[in-house]
Amino acid sequence: MHHPTEKNVDLLKRTYQIRQMSRNKNLIPSGTLTFLRLIILPGGHSDPSQGWTNGLATVSKTGSVFIRAECSVTEGRHIGKKFEVRIGLKSPKGPWWRKRGRELILDILNSKHALPKNENSEKALRSRRLKSLKDLDGSKFQAKIKIVKDYKGFEINEIDAVIIPEDMETDLHSPRLRQADLTSKLTAAVSPPMWMRD
């Protein structure tokens, strides 16, 4: 049986350290606020009934469907640095994966268009509508970054939070506003594709 020599063990350790240092140089520090551009990496999966067209969705071995995307920093000291994100669309294990993905997509669209979450004007509703996943491709938004460890134990970047404007101050007692809000909600009820609905 072959046993590794002390020299080989040291060489493996040094190789690992060099690779880890190389990875760390490309990491964006936790807590960094920056602008990102999201580019979808096509996974070859389509389901027109869900609005997943052009082969932009990806299916995992477990049957989960998600958007695999690359986020790149567009300005500042970390410009050009990139990391991957997965945005859930569907999971055989339950609705949480889709719900989490839908919330992230809505936050990205709100940040992209500088919309508070509670703004329900016609313009805001139009800005949040996606005819297909292709409409999300190329989105530029602001986010807070964090460092986490992946399943292999390597440090990677993730989106900690998407930065969106503060909720608008509104007069909830205004009949005119209540009617506008109701109309907006009725309009929005038929707009989103299937995968964006509860």
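Everything numeric here is computed off the predicted structure, so don't read it as measured data.

## Here's the deal with helix H2 (residues 96-112)
- The end-to-end C-alpha separation of H2 is 24 Å, in line with the 24 Å expected for 17 residues at 1.5 Å each.
- Tucked inside the fold, the buried residues of H2 contact strand E1 (33-40), strand E4 (65-73), strand E5 (82-90), helix H3 (122-128), strand E6 (140-149) and strand E7 (155-162).

## Regarding the layout of surface pockets
- A volume near 1,400 Å³ is recorded for the largest pocket.
- Looking at the largest pocket, it is lined by 40 residues, and the ones nearest its centre are Glu84, Val85, Arg86, Ile156 and Glu158.
- For the lining of the largest pocket, the secondary-structure elements that each account for two or more residues are E4, E5, H2, E6 and E7.
- Of all the elements, E7 adds the most residues to the lining of the largest pocket, at eight residues.

## Notes on the packing of aromatic side chains
- Applying the stated rule across the entire model yields one aromatic pair.
- When the ring of tryptophan 96 is compared with that of tryptophan 97, the centres are 5.7 Å apart and the planes differ by 70 degrees; the resulting orientation is edge-to-face.
- Residue tryptophan 96 is classed as partly exposed on the basis of its relative accessible area, which comes to 45%.
- Its relative accessible area of 16% is what places tryptophan 97 among the buried residues.
- Here the basic side chain of lysine 140 rests over the ring of phenylalanine 35, its NZ or CZ set 5.6 Å away from the ring centre.

## Overview of the pairing of E4
- Summarising burial for E4: seven of the nine residues are buried, a large majority.
- Summarising the sheet, E1 and E4 pair through five bridges and their orientation is antiparallel. Residue pairing across strands places arginine 37 opposite serine 72, the latter belonging to E4.
- Across two bridges, strand E3 (residues 52-59) lies against E4 in antiparallel orientation. Across the sheet, threonine 58 pairs through a bridge with phenylalanine 66, a residue of E4.
- The pairing of E4 with E5 spans eight bridges and is classified as antiparallel.

## With respect to the pattern of salt bridges
- In the structure shown here, the tally under the stated rule is six salt bridges.
- Lysine 99 serves as the salt-bridge partner of glutamate 103, at 2.6 Å between the closest nitrogen and oxygen. Placement of the pair is glutamate 103 and lysine 99 together in helix H2, with a separation of four residues, close to one helical turn.
- Judged by its relative accessible area of 39%, glutamate 103 is partly exposed.

## Focus on the nonpolar core
- Judged by nonpolar contacts, the single largest core of 27 residues is most densely connected at Leu36, Leu38, Ile67, Phe141 and Ile159.
- Of all the elements in the fold, those that place two or more residues in this core are E1, E3, E4, E5, H2, E6 and E7.
- Ranked by the residues each element gives to this core, the list is headed by E4, at five residues.
- Not counting residues up to four positions away in its chain, the partners in contact with leucine 38 are Ala69, Glu70, Cys71, Ile87, Ile108, Leu136, Asp137, Gly138, Ser139 and Phe141.

Scoring rules and cut-offs
- Residues numbered from 1 in each chain as written.
- Predicted model: local features only at pLDDT ≥ 70, side-chain atom pairs only at ≥ 80, totals over all residues.
- Heavy atoms only, no water.
- Helix = DSSP H or I, 4+ residues; strand = E, 2+ residues; numbered from the N terminus.
- Expected span 1.5 Å × (residues − 1).
- Contact = heavy atoms within 4.5 Å.
- 1 Å grid on protein atoms, 1.4 Å probe; cavity = no way out; pocket = protein on both sides within 12 Å on 5 of 7 lines; lining within 4 Å.
- Points joined across faces, edges and corners; volume = space filled by probe spheres on them.
- Phe/Tyr/Trp six-rings, centres within 6.5 Å; stacked < 30°, edge-to-face > 60°.
- Buried < 20%, exposed > 50% of the residue type's maximum accessible area, 1.4 Å probe, protein only.
- Lys NZ or Arg CZ within 6 Å of the ring centre and 35° of its normal.
- Pairing = 2+ DSSP bridges.
- Salt bridge = Lys/Arg side-chain N within 4 Å of Asp/Glu carboxyl O.
- Core = buried A, V, L, I, M, F, W, Y, C linked by side-chain atoms within 4.5 Å.

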